[in-house]
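Structural description and commentary
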Amino acid sequence: MSLSSSERHGAANMDDDQLDLSPNGENGDAASSDEETIKGEQGNEDIADVEEDQESIISTQPTGNGAIANRYRQLLLDRDDASEAGSAEGIPRRVGSPIDSLLSVPDDSPSLQGSMISSPGSSRVPSLASRPGLSSPTPSFRPFDRRFQSRISSPSSALSPRPGSPAFLAGHSRQASLTSQFFLEVGDAETPTPPWEVVRWTKLRKLNGQAFSESGKRSLGSPTCIAVSASIVLGTTKGIILMFDYNQNLKMIIGPGTKAVESGPITAIAVSADYTTIAGGHASGNIFTWDTSRASRPFLHIPPLDDSQLQHRTMDGHMPHVSITHLGFLGTRHTALVSADDRGMAFSHLATRGTGALGRTVKTVRILGRYPDAPPPASGKPLKPSTVLGFSSLPLGNVERATDTMGLTAMLTPYLLVIVSTTPIAQTQHKSARPKDVAPHSAMTGCLAWFPAVKLKVPDPSTGSTMSKVKLVYCWSNVLTVLDVDEEPSDDKDKPPLLKFKARSRWKCEEAIVAVQWLSRSVLTVLTITQRLIVLEDRSMRMTEAFDLIHKYIYHADLFSTQLHNLVEQLDEDDTTMHGVVADAFYMSLKAYKGRIFLLGFNDVSIGALSNWADRLIALMENGDYIGAIQLATSYYTGDANKLTVGLPEDATLRHRMVRDKVMEIMSASLKYVFGQRQKNKSSVDDQQLRHLTETCFIACQSVGDLDFLFDEMYEWYEDGDAEGIFLEVLEPYILEKTISIAPPTAVKAMVTHFVSQGWESRLEEVICHMETATLDIDQITSLCKKHGLYDALIYVWNQALFDYITPLIDLLTLLIPLMQNAPGNLMEHEHHGVNAVKMFPYLSYTLTGRIYPTGERMQDAVASQAKAELYWFLFSGKSIVWPKGSGKIFRTQPAQTDEPSFPYLRMILQYDAPSFLSALNEAFEDPFLNESQEKQLNGGTGKDLPEEQIFGLTVDRQYVVSILLEIMNPNDFDPVDTIYLDMFIARNLPKFPQYLLIPGSTLDKVLAGLCHYPGLDLAEDAQLSAEYLLSSYQPPDISTMIPLFQKACFYRILKRIYRNDKQYAKLLQTYFEDPEDQIEVFECIAECLQSHPSLPKRYIQEVQDVIKQHSRELVELDPIRAAQTLAVYAPGLHRFVLDSLEQGSESQYDYLKALLEPDYETSEQPTATLDRDFIEQYVQLMCRYNSHHVSDYVGIVQATNLRLDKLLPTMEDTGVIDAVVILMAREGQVQDAMGRLTKHLETLESALQGLVANADDHADDIDVKEAAEELLRGLQKYTHVGIWLCQGQMKTSKKLNAIGRRGSPSPSDLLPDEMLWLDLIDTTVQITRRLSSVVSPSKPIKVSSTASPLPVLDSDKLVALLRSLVQHTFTALMTATSTESAGLSSNRLVAKSGGSLTFLRILRAFLTRAARSSPNLADLRAVLTSIFSAYAYEESILGLSNRLLEQQLFVNVQQAVELRQRGWRPRGSTCEACGKRVWGPGVAGNVFEAWEEKQAIENKKREEKKAISSNSAIARGKEKADSPIEDNETYKGKGKGKSTDIGNGSSSLGDHLANGIQDVQGQAVETNGDNYGRRRDQPLGPLVVLACRHIYHKDCLDAIQAKQEANGIHREVDEFGREAEYRCPIDG
């Protein structure tokens, strides 16, 4: 078997227990990865048999309990979803008709429609439908924009059942029902057991009495293992084998009196394929086989190795005193066995033929494991303990396969699955490592089971094969895998076939699996570590059953924990290969044979069989859950249930044949039982339960395909039991779905009676309209429909059953006759007639467009042509007709009169409701039937004789229809309320069918005039739209005569189009202003009108501007921003007029000017307008009122010439915008006046605060005193900052003037003007602070109110802090200004510092002098002075701390730079990287050492000279120090500093380069001119360059390389002297 490299690698470290049995060496250690096989096959979509449930392979949770509940649960969910779309009453919501009475109310509750006022002077009354007091069947507007629709929608493929139907409510909740208690999702707290036994257990009492009785245990021993074939075989603790037949008779006791009873307990047992030989493995390592026909002595004895064989080991065999844990026969042979022990070793035993046990020799071959004394593996890996957890030889199937003779044996160890063929030689066929899905620290378990190849009665539905493959199921911990074995015939007939193993399916259990068996070819049973039995379907890996067996006390033994002790977790959570526990062995206690489960317990043996489908149905019926039984039987029939588990075939035909009769039988029995109970006990009738049963039976009949059962048998039960209403309600959704379309007349009659009695007439009509009319009793159904007013259904039956389209219309018109004849006062009595009569309009609409009424389905062409022709003949023939034909009865619209008017039926319809009829006719006009009659003759053909109505109907066309309408609906007979609809009808259809309609211009002019005289505002939009339609194809000869009509009618869109085409821009703009619906577009219109047109006279522009002036206020009110932007572009000269037209000082003026002067560039692309200062001043004045906070910012950016103080100051002062006043006055040079105004305003704020606090009680109810006080203090703070800004600005200005004029310093007693400003500001803030401190002092809390109610007290601490901040901020600003300004203007630091200090001290002295005169007691200023000096001290401490931090950081940086400079670089090699010559170290060419000595001597000499110079004066020392660097040695450097470097030491100092990070390569060299040193006798010593990457070069070599690079386009950087600024390593870059 070929293995991929990944598969070999996957098991490289798991081969501790594998004996190499491969035919070649390299394959022996390879283990395929079944996990990868599964994933790979899934990716290639080769696993067709698991596609239906892929998640069952990889999911960590079981997939559920089957599909029965899922099907019905989904059905219930679908019903719930459907019910949400319906109304609460269960009446379906349908798309409404355009007729209001059909939209809003049911048939028996018409709506009221408002009256329509007739036009003045009319001699005719409006149509009947629009009169006051009548229910109007039509809307009074938009009759042609909405199509007629029936209340009953047409069915579609996605039509869901009626949501409100009781048949689709939630499922029943009986505790015994199938869906409510059995099919629950895994993970529920409790899983109630179904009424049937999943497994029917049978205790073998007779067998148990012999094997498990006290006497039996004493004499024979306790059973330890079981094997099942044609008999039941038990092994015991005394080494004895018991064989029972299926009648529980003890047929044989094997072993007494032989050596077997001396070999210890039986630990493994096996039965040969022909049932004649039994093998037993003992705890001592002995294996005995017994011929059941001669059981007195062993047939074969395979002992373990003895001591001599252990030392020399010339043969293979089990170790002594090691338990045999597994046994199996190979194929059909009695003398070929395989065995395994608990030490992890397995052997194949083949006995030779001979006479008796002594005449046979046994050849034993080791196939798994290592002997204890075997040398360790060559790889040196530590050996892990191992055992054989699972072991099985392939049994024989009912078809011959090559694998039968190969002796395949599967073995499962803690690490590997190994499959070995033992014949003709032992050979490994497959190895697979433990799956990665096995959870770390899980329980250590392992088991496996084969299923042989068998011949199938029916071909496999997934593969089509008539023979199944060999399959192996194996489990590690909780992961179960199914492995398929394929045979590929070998080219050499003498060689066995090539086997291919493919892992097909994988399933993960919730807990570890301890035993697994095949119940059948497609069903697995699994026993978990908690003794829970699970039944799985093989293909889908779906868990179908699960139940506990803990009560069975299954026999289990601890066989592996001792051997695998080291694998058990030893508090090492990081080792994922460790296991939490080694589970006991259960494999010897669970066996399956022919679909039965054999269970060995501690106290008994049980046989279990899965209950089949029939048993389960019977159990449900016996439990009283007949609904669940029908549902389950239906799921069996459809194949949604677990058919494999319950014994049903996968073939649908076979399954249907088996289940169908059972379904019908259960339904009949259920109905008989239920109605029998209803007859016995009528008081406890449960209609809900019966309804659920009915739904279930309907679903079952539909699934089985036997709908005749519903009416032949089932309906009779409901009819006899007076419960036909339930049956009919459940039947309803099936009729609506068209699943059932035929019902007997008795059922139809009962349905009509029942639905009418319940008030469900609309639902009944819908049901009838979805039934096949061919099976209906026409007389019965028509009479019932007329009796109950079901006209939708009546029309449907007449049309579909009799193809009569005139009779329904006559029936509807008959309803109109009393309405048209009776007085208006009695019309309310006949409202129901009007509501039904109005159905003629959707009926005409549907039929004249070839649709079936009311479902909307398409008619066949021939039927549609007949129907249209008959209706056109009926309406437009112009005479009264005899109907039915031959009856001699003339249908009259006026029975009391002898003469009928022309077109009587058309006239009556128009008089009743002209709008609705014309709307229906508007739809009919779109149908091609009304094309030219010649086309109808060609398409329809008249090859046969046609009746009169057909011939006439085929001649009707659009022109004829319009002509008749114009003739009938004349102003003398019809009110304008009705004729307006004819005008709209003609106006809209003429542009659509110009080739079919020829109407005189005079008529069209009348139509336009009629549209302009619409009777009500609700028709204005429709009338204008119709007029636009008409004007698109018809141009009146003199449009100017129509303009007054359009203006009066307010047809603005038409007027705009006319004016735009005639370039009457002034009138166009005027129309935009007048149009209330489209006023916002006036700005686009202005842009259009005022754009530069070369041919446009100036008169037109002036007219447009005049219109703008007339509506200027209206324009700005629409959108002031867009108005300003538009006029700024197209009419800037109108700005003043527009502003003057607005209310003076209004916000509109402000918004308009803001859009001009400060446009929002995100919304406007217009640049800022350039306006004169009147606009700017007006804008500033308005800003003071509407956005005072922005005034100071705006004033600061406006040109000084654009503002006049005399105009702005009064407004600013009135509105309190003092900061802007200060800015303006300062800009004009009135600095001292500005400070005076500011000081005055500060004092005003002070007075306001004092008054507020003093009169706090009076204002307590009106204002929040606390908030107001804080607001005033914030104002003081704000304007103090304004003063600071003023002083700082003046100081800067004066300093610049002083610098230019070179003025001398003032005397200490005189103050400069800027200093006087500071003094005034400081004095004001200090005085305000002093006076207000006593007002808001925290020592005297001031209550806001003196009333008894507890009101808040002023926050004195906060107010005092705000007060003190005034002085602190002022002095801080003064100190900052005096220090920074002086330092910036003086070049001498000492002078600057002293100047700044003098300024501060002069101001402080003047302040103190002034304070001493104004305040005799300096104690008042103590708090203020404390704040001043604390601020000063605080600033000083902050500066000192900052200096210390900076000095410390600077020292660290300098120290690091020095250390880096001292370090240097060591070259990587001793040769030049370019030329390869040695440049330093041993063997270097040239007198390097002599040059170094010369250099050292020169340096020593210079140091002595420097010491001599240091004894002179300090100045001389400074000069000599400046001259001390060596000048005659040129240093090659980059962008930083550096010293010359000795050639010999080969290092280069970093200097400042590394400190400032500028250059990553530094080269230092010495000049080679020979003046001082560095000269060779025969060759000059060149300078060296050492780079940061530690490569070393001759400078000449590096220059040559970089010159070459420069020639190639790589530029070199140079410093300010033109020297090389940077070297880059050619190697590292």
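The coordinates are above.
We now turn to the structure provided with this report.

Criteria and cut-off values
- Residues numbered from 1 in each chain as written.
- Predicted model: local features only at pLDDT ≥ 70, side-chain atom pairs only at ≥ 80, totals over all residues.
- Heavy atoms only, no water.
- Helix = DSSP H or I, 4+ residues; strand = E, 2+ residues; numbered from the N terminus.
- Buried < 20%, exposed > 50% of the residue type's maximum accessible area, 1.4 Å probe, protein only.
- Contact = heavy atoms within 4.5 Å.
- Areas by Shrake-Rupley, 256 points an atom, 1.4 Å probe, with all protein chains shown as cover.
- Pairing = 2+ DSSP bridges.
- Axes fitted to C-alpha atoms, helices over the stretch in contact; angles between N-to-C directions.
- Core = buried A, V, L, I, M, F, W, Y, C linked by side-chain atoms within 4.5 Å.
- Patch = residues over 30% accessible without salt bridge, like charges linked within 9 Å, V, L, I, M, F, W, Y side chains within 5 Å.
- Salt bridge = Lys/Arg side-chain N within 4 Å of Asp/Glu carboxyl O.
- Polar contact = N/O pair within 3.5 Å; in protein donor to acceptor, adjacent residues only side chain to side chain.
- Phe/Tyr/Trp six-rings, centres within 6.5 Å; stacked < 30°, edge-to-face > 60°.
- Lys NZ or Arg CZ within 6 Å of the ring centre and 35° of its normal.
- Lys, Arg positive; Asp, Glu negative; His and termini not counted.
- Charge placed at Lys NZ, Arg CZ, Asp CG, Glu CD.
- Expected span 1.5 Å × (residues − 1).
- Parallel < 35°, antiparallel > 145°, perpendicular 65-115°, else oblique.
- Left-handed = near helix turned anticlockwise from the far one by under 90°.
- Nonpolar A, V, L, I, M, F, W, Y, C, P; charged D, E, K, R; others polar.

**Concerning the overall build of the chain**
Each helix and strand in the chain was counted, giving 54 helices and 32 strands. Here the chain, with 1629 residues, has 50% of them falling under the buried criterion. Counted over contacts in the chain with a minimum sequence separation of 6, partners at least 24 positions apart contribute 65%. For the chain, the computed accessible surface area is about 76300 Å², with 51% contributed by carbon and sulfur atoms.

**Side note on the sheet that holds strand β15 (residues 408-412)**
Strand order in the open sheet formed by four strands is β14-β15-β16-β17, with antiparallel pairing between adjacent strands. Where the open sheet ends on each side, the last strands, each with one partner, are β14 (390-393) and β17 (427-433). Pairwise comparison of adjacent strand axes, ignoring direction, gives a mean angle of 10 degrees for this sheet. Bridge analysis of strand β16 (residues 416-421) against β17 gives six bridges, and the strand direction is antiparallel. Considered in β17, the bridge of V420 is made with T428.

**Concerning the nonpolar core**
F727, L813, F874, F917, L965, V1180 and M1212 are the most contacted members of the largest nonpolar core, which has 294 residues in total. Top element by residues in this core is helix α24 (residues 904-925). It accounts for 13 residues. Membership of the second largest hydrophobic core comes to 60 residues, among which are L204, I240, M243 and Y593.

**Here we look at the sheet that holds strand β12 (residues 346-351)**
With antiparallel pairing, the four strands of this open sheet are ordered in space as β10-β11-β12-β13. Looking along the sheet, the strands with just one partner apiece sit at the ends: β10 (324-329) and β13 (362-368). Taken pair by pair, the neighbouring strands of this sheet meet at an average axis angle of 20 degrees, ignoring direction. As paired strands, strand β11 (residues 336-341) and β12 are joined by five bridges and run antiparallel to one another.

**Description of helix α39 (residues 1147-1157)**
Along α39, the positions that sit buried rather than exposed are Q1149, Y1150, Y1152, L1153, A1155, L1156 and L1157. Where α39 is buried, its residues contact α36 (1112-1118), α37 (1120-1130), α38 (1135-1141), α40 (1173-1186) and α41 (1191-1197).

**What about unusual backbone geometry?**
The omega angle of the peptide bond from T423 to P424 is -5 degrees, so this bond is cis rather than trans. One can find P424 in the loop between β16 and β17. A cis amide bond, omega 5 degrees, links Y853 with the succeeding residue P854. Looking at the secondary structure, you find P854 in the loop between α22 (840-848) and α23 (861-876). Even without glycine at this site, Q531 takes up a positive phi of about 60 degrees.

**Some points on a nonpolar patch on the surface**
Residues L1450, V1454 and V1458 make up a contiguous nonpolar surface patch of about 260 Å² in total accessible area. Take L1450: it is sitting in helix α50 (residues 1422-1463).

**Describing the environment of Y1194**
One can find Y1194 in helix α41. Residue classification places Y1194 among the buried residues on the basis of a relative accessible area of 5%.

**Things to note about the side chain of Q517**
Tracing the backbone through its elements, the reader meets Q517 in strand β23 (residues 513-518). A polar side-chain atom of Q517 sits 3.3 Å from the main-chain amide nitrogen of A592. Every residue in contact with Q517, bar those within four places of it in the chain, is listed here: A449, L524, T525, L590, K591 and A592.

**What to know about the pairing of strand β21 (residues 479-488)**
For β21, a buried count of seven out of 10 residues is recorded, marking the element as mostly surrounded by other parts of the structure. In the sheet, strand β20 (residues 470-476) pairs with β21 via seven bridges, with the strands oriented antiparallel. Looking at the pairing, W476 lines up with V479 of β21. If you look at the hairpin formed by β20 and β21, you'll find two residues sitting between the two strands, and S477 has a positive phi there, around 50 degrees.

**Some thoughts on the environment of A585**
By secondary structure assignment, the location of A585 is in the loop between β27 (581-582) and β28 (590-593). Placed 195 residues apart in sequence, A585 and G390 show a C-alpha to C-alpha distance of 9.6 Å. Residues within four places of A585 in sequence aside, it is in contact with Y555, H556, A557, L559 and F560.

**Overview of the pattern of salt bridges**
Counting across every chain of the model gives 36 salt bridges. Taking the shortest distance from any N to any O, the salt bridge between R1060 and E1088 comes out at 3.0 Å. Here E1088 lies in helix α34 (residues 1082-1090) and R1060 lies in helix α32 (residues 1052-1061), a separation of 28 residues in the sequence. Taking relative accessible area as the criterion, R1060 reaches 30% and is therefore assigned partly exposed. The network of salt bridges with common partners includes K471, D484, R504 and D538.

**Observations regarding the packing of aromatic side chains**
By the definition in use, this model includes 30 aromatic pairs. A ring pair is formed by Y843 and Y853, whose centres lie 5.9 Å apart and whose planes are at 75 degrees; its orientation type is edge-to-face. Of the two residues, Y843 sits in helix α22 while Y853 sits in the loop between α22 and α23, which places them 10 residues apart along the sequence. Of the two residues, Y843 and Y853, both sit in the buried class. Relative to Y853, the ring of Y846 has its centre 5.5 Å away and its plane inclined at 85 degrees; by these criteria the two rings are edge-to-face. There is no split in this pair, since Y846 and Y853 are both buried. Among the aromatic residues, those joined into a cluster by ring pairs are F675, F698, F711, Y715, W717, Y718, F727 and Y734. Above the ring of W760, the side-chain terminus of R763 is found at 4.3 Å from the ring centroid. Against the face of F993 rests R958, its NZ or CZ located 4.1 Å from the ring centre.

**Here's the deal with a negative patch on the surface**
There is a patch of like negative charges on the surface, built from D708, D712, E716, E719, D720 and D722. Its location among the elements puts E719 in helix α14 (residues 708-720).

**Some thoughts on helix α16 (residues 745-757)**
Owing to its 3.6 residues per turn, the α-helix brings residues three or four apart onto one side. For α16, with 13 residues, the first-to-last C-alpha span of 18 Å sits near the 18 Å given by 1.5 Å per residue. When α16 is considered as a whole, its buried residues turn out to be A747, V748, A750, M751, V752, H754, F755 and V756. Buried residues along α16 sit against α14, α15 (724-736), α17 (761-768) and α18 (778-788). Looking at the residues trailing α16, positive phi occurs at G759, about 80 degrees.

**Overview of the packing of α34 against helix α35 (residues 1098-1110)**
Describing two packed helices takes the angle between their axes plus the distance from one axis to the other. Contact geometry for α34 and α35: axes closest at 10 Å, N-to-C directions at 160 degrees. One element, α34, and the other, α35, form an angle in the roughly antiparallel class. Along this stretch, α34 crosses α35, giving a crossing that reads as left-handed. Seen from α34, the contacting residues are I1086, C1089 and L1090; seen from α35, they are I1101, V1104 and I1108. Of the residues that constitute the contact of α34 with α35, the class distribution is six nonpolar, no polar and no charged.

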